[in-house]
Amino acid sequence: LGMQIGEGATCTKKDFFPLVNLDDDQCDQIVPALRDSGFLIVKSSLLNLELQQKALAASARILELSSKTVAHPSDPKQYMMLGFDDLRGDFLSNISEDVSIIKEYYKSLRKIRDILLQSIASGIGMDDSEFFSRQHNENNDSIRLLNYLRGDENTANRCKEHSDYGTLTLLLTDGVGGLEAFVDGKWRQVPYVEGALIVNIGSILSEWTRQDLKATLHRVAGPASIGSTTSTNDLLKAVSVQRRSIAYFADPNPNVATTLSKSNHHSLENEDNMTIDEYIQWRSGGTGADRSG
């Protein structure tokens, strides 16, 4: 699209997945996009292309060399879940340079998370623009390093269809295609923009906004996936190579409740006696690095 990181550009509409430069803090496309499709593509000078490329390369080496890499039980992929504190683990000591890169990347994502949460609060009309970001100030977050294995013409979903369960997911990919979101009754390809992150809403933030913002079903499709609007040739090309990505999951503080009350002060009310940690464990089978992939 010809936009360089750091430009104060206006929002650029790209089908259901608009591109927003976060350095333009007056951009009003964030909430409308998340109402429309639940997805957004963002650029920020806080996370330059060089660091993104280094992070993807470091992720690939960590997955290749670490004994903690997990083979997914149903999807053709390998992954590792990591909290920030897990990056101090002895099992990563032989790849310390790669760990340092992931730490730097992780810290940048936390800054972008807060900008997005503040923009969302303002965009939905909350008086306190920092309300959502304060619910994340204990950094109850994690990253998932991912490697999708090669396939063939018989490969269906490389990642099964699902919605995310936190507040925000920030996804970095290597540009290999296949990511689709179920928007307006169709499986639509989420475009790749070099130097950008893909943002989507999780079920907690959707619930907090009374489903004003959508937690949208998405998947990584293959040539045999049902209902795809991505061309078969593009999906065949995608499965001919490994696909690498890093997903960052932002969750509220562990003891925050999953339900937002109707009070004018936007206080939190635990109507179902369920904390964020309890909800995440219920949805994913664990907490922190023990979550399912």
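Our structure is the block above this text.
Keep in mind that this is a model prediction, so the values were computed, not measured.

A.B. asks: Can you help me understand helix H3 (residues 96-123) in this one?
C.D. replies: Side chains of residues three or four places apart in an α-helix project in the same direction, reflecting 3.6 residues per turn. Look at H3: 40 Å from first C-alpha to last across 28 residues, which is about the 40 Å you get at 1.5 Å a residue. Looking at the residues trailing H3, positive phi occurs at Gly 125, about 90°.

A.B. asks: What's the story with the sheet that holds strand E6 (residues 159-162) in this structure? I'm lost.
C.D. replies: As a general point, the strands of a sheet are linked pairwise by backbone hydrogen bonds and lie either parallel or antiparallel. Strand order in this open sheet of 4 strands is E6-E11-E8-E9, and the pairing throughout is antiparallel. For this open sheet the edge positions go to E6 and strand E9 (186-189), each flanked by a neighbour on one side alone. Geometrically, the sheet is characterised by an average inter-axis angle of 25° between neighbouring strands, direction not taken into account. In the sheet, strand E8 (residues 179-183) pairs with E9 via 4 bridges, with the strands oriented antiparallel. Directly across from Val 183, in E9, lies its bridge partner Lys 186.

A.B. asks: What is the right way to read the pattern of salt bridges from this model?
C.D. replies: Two side chains of opposite charge can pair, provided their charged atoms sit close to one another. In the structure shown here, the tally under the stated rule is 11 salt bridges. A salt bridge links Arg 61 to Asp 98; its shortest N-O distance comes to 2.6 Å. In this pair, Arg 61 sits in helix H2 (residues 49-65) while Asp 98 sits in helix H3, placing the two residues 37 residues apart along the sequence. Taking the relative accessible area as the measure of exposure, Arg 61 reaches 36% and is therefore partly exposed. The buried category is assigned to Asp 98, whose relative accessible area is 7%. With a closest N to O distance of 2.8 Å, Arg 110 and Asp 141 form a salt bridge. In this pair, Arg 110 sits in helix H3 while Asp 141 sits in strand E5 (residues 140-148), placing the two residues 31 residues apart along the sequence.

A.B. asks: So what exactly am I meant to see when it comes to the sheet that holds strand E1 (residues 19-21) here?
C.D. replies: With mixed pairing, the 8 strands of this open sheet are ordered in space as E1-E2-E10-E7-E12-E5-E4-E3. Both edges of this open sheet fall to E1 and strand E3 (70-71), since each of them pairs with a single strand only. Pairing geometry for E3 and strand E4 (residues 77-82), over 2 bridges, is antiparallel. Bridge pairing links Val 70 to Tyr 79 in E4. The sheet strands contacting H2 are E4, E5, strand E7 (168-173) and strand E12 (243-251), and the helix crosses E12 at an angle near 100°.

A.B. asks: Where do I start with the packing of aromatic side chains in this structure?
C.D. replies: Two descriptors summarise a pair of aromatic rings, namely the distance from one centre to the other and the angle between the planes of the rings. Taken as a whole and assessed by the stated rule, the structure comprises 6 aromatic pairs. Their ring planes at 90° and their centres at 5.2 Å tell us that Phe 84 and Tyr 106 sit as a pair that is edge-to-face. Pair noted here: Phe 84 is in the loop between E4 and H3 and Tyr 106 is in helix H3, with a separation of 22 residues, a long-range link. With a relative accessible area of 15%, Phe 84 lands in the buried category. On the basis of relative accessibility, which here comes to 0%, the residue Tyr 106 falls in the buried class. Here the aromatic rings of Phe 132 and Trp 208 are separated by 5.7 Å at their centres, their planes lie at 15°, and the arrangement is stacked. On the criterion of sequence distance, the pair formed by Phe 132 in helix H4 (residues 131-134) and Trp 208 in helix H5 (residues 203-208) is long-range, its members being 76 residues apart. Accessibility classification places Phe 132 together with Trp 208 in one group, the buried group. Each member of the aromatic cluster is reached from another via a ring pair, and the members are Phe 84, Tyr 106 and Tyr 248. The ring of Trp 187 carries Arg 219 above its face, with NZ or CZ at 4.2 Å from the centroid.

Cut-offs used in this document
- Residues numbered from 1 in each chain as written.
- Predicted model: local features only at pLDDT ≥ 70, side-chain atom pairs only at ≥ 80, totals over all residues.
- Heavy atoms only, no water.
- Helix = DSSP H or I, 4+ residues; strand = E, 2+ residues; numbered from the N terminus.
- Expected span 1.5 Å × (residues − 1).
- Pairing = 2+ DSSP bridges.
- Axes fitted to C-alpha atoms, helices over the stretch in contact; angles between N-to-C directions.
- Salt bridge = Lys/Arg side-chain N within 4 Å of Asp/Glu carboxyl O.
- Buried < 20%, exposed > 50% of the residue type's maximum accessible area, 1.4 Å probe, protein only.
- Contact = heavy atoms within 4.5 Å.
- Phe/Tyr/Trp six-rings, centres within 6.5 Å; stacked < 30°, edge-to-face > 60°.
- Lys NZ or Arg CZ within 6 Å of the ring centre and 35° of its normal.

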